[in-house]
Amino acid sequence: QGTEADLLKIAMINIQKHIDEKYQDNVRMLLQVHDELLFEVKSDIVEPVAKELKHLMESAHTFDVPMVADAKSGNNWAEMKPV
């Protein structure tokens, strides 16, 4: 669990740098819940942003086995669908 927490922190730092450089006010990291991150994203850029953030999470560190992240979007928790 400790390693996973460290990996998520690395991913969060990389993601925030990416958001600051590329998306400024169009994407906001809102919340971390265990191994999940919640973002607010302008509706017209959800798919490309989700793909980029998924890649950043999966590449936080390289292991012999791949780390896999899922991306979902929706107007609320009940409407979340895979991206």
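Rules used in this analysis
Residues numbered from 1 in each chain as written. Predicted model: local features only at pLDDT ≥ 70, side-chain atom pairs only at ≥ 80, totals over all residues. Heavy atoms only, no water. Helix = DSSP H or I, 4+ residues; strand = E, 2+ residues; numbered from the N terminus. Rg over C-alpha atoms; globule rule 2.2 N^0.38 Å. Buried < 20%, exposed > 50% of the residue type's maximum accessible area, 1.4 Å probe, protein only. Contact = heavy atoms within 4.5 Å. Areas by Shrake-Rupley, 256 points an atom, 1.4 Å probe, with all protein chains shown as cover. 1 Å grid on protein atoms, 1.4 Å probe; cavity = no way out; pocket = protein on both sides within 12 Å on 5 of 7 lines; lining within 4 Å. Points joined across faces, edges and corners; volume = space filled by probe spheres on them. Core = buried A, V, L, I, M, F, W, Y, C linked by side-chain atoms within 4.5 Å. Expected span 1.5 Å × (residues − 1). Arc of directions from axis to C-beta. Axes fitted to C-alpha atoms, helices over the stretch in contact; angles between N-to-C directions. Left-handed = near helix turned anticlockwise from the far one by under 90°. Nonpolar A, V, L, I, M, F, W, Y, C, P; charged D, E, K, R; others polar.

Glancing now at the overall build of the protein. Along its length, the protein carries two helices and four strands. Tracing the protein from N to C terminus, the helices and strands come up as α-β-β-α-β-β. Computed over its C-alpha atoms, the radius of gyration of the protein comes to 13 Å, within 12% of the 12 Å expected for a compact globule of 83 residues. Within the protein, the proportion of its 83 residues that are buried is 20%. Partitioning the contacts of the protein with sequence separation of at least 6, the portion at a separation of at least 24 is 38%. Only carbon and sulfur atoms are counted for the fraction: they give 51% of the accessible area of the protein, which is about 6300 Å².

Attention now goes to the layout of surface pockets. In this structure, the largest pocket encloses a volume near 1100 Å³. Lining the largest pocket are 35 residues, with L37, L38, D70, A71 and K72 sitting closest to its centre. Put simply, the parts of the chain that give the lining of the largest pocket at least two residues each are helix 1 (2-22), strand 1 (27-33), strand 2 (36-41), helix 2 (46-58) and strand 3 (72-73). Considering every element that reaches the lining of the largest pocket, the biggest residue donor is helix 2, with seven residues.

On to the nonpolar core. Counting 11 residues, the largest nonpolar core is built from L8, I15, I19, Y23, V27, L37, F39, I45, V49, L53 and L56. Among the secondary structure elements, those contributing two or more residues to this core are helix 1, strand 2 and helix 2. Once residues within four sequence positions are removed from consideration, V49 is found in contact with Y23, V27 and V41.

Let us now look at helix 2. Between its first and last C-alpha atoms helix 2 spans 18 Å; for 13 residues at 1.5 Å apiece the expected length is 18 Å, and the two agree. Within the span of helix 2, buried status applies to V49, A50, L53 and L56. One face of helix 2 carries all of its buried residues, which in axial projection span an arc of 130 degrees. Exposed side of helix 2, more than 90 degrees from the buried face: E47, K51 and H55 are the residues found there. Those residues of helix 2 that are buried are in contact with helix 1, strand 1 and strand 2.

Here helix 1 crosses helix 2 at 145 degrees, and the two axes come no closer than 8 Å. Pair helix 1 / helix 2 crosses with right-handed handedness. Judged by residue contacts, L8, A11, N14, I15, H18 and K22 of helix 1 engage E52, L53, L56 and M57 from helix 2. For the contact of helix 1 with helix 2, the class distribution of residues is six nonpolar, two polar and two charged.

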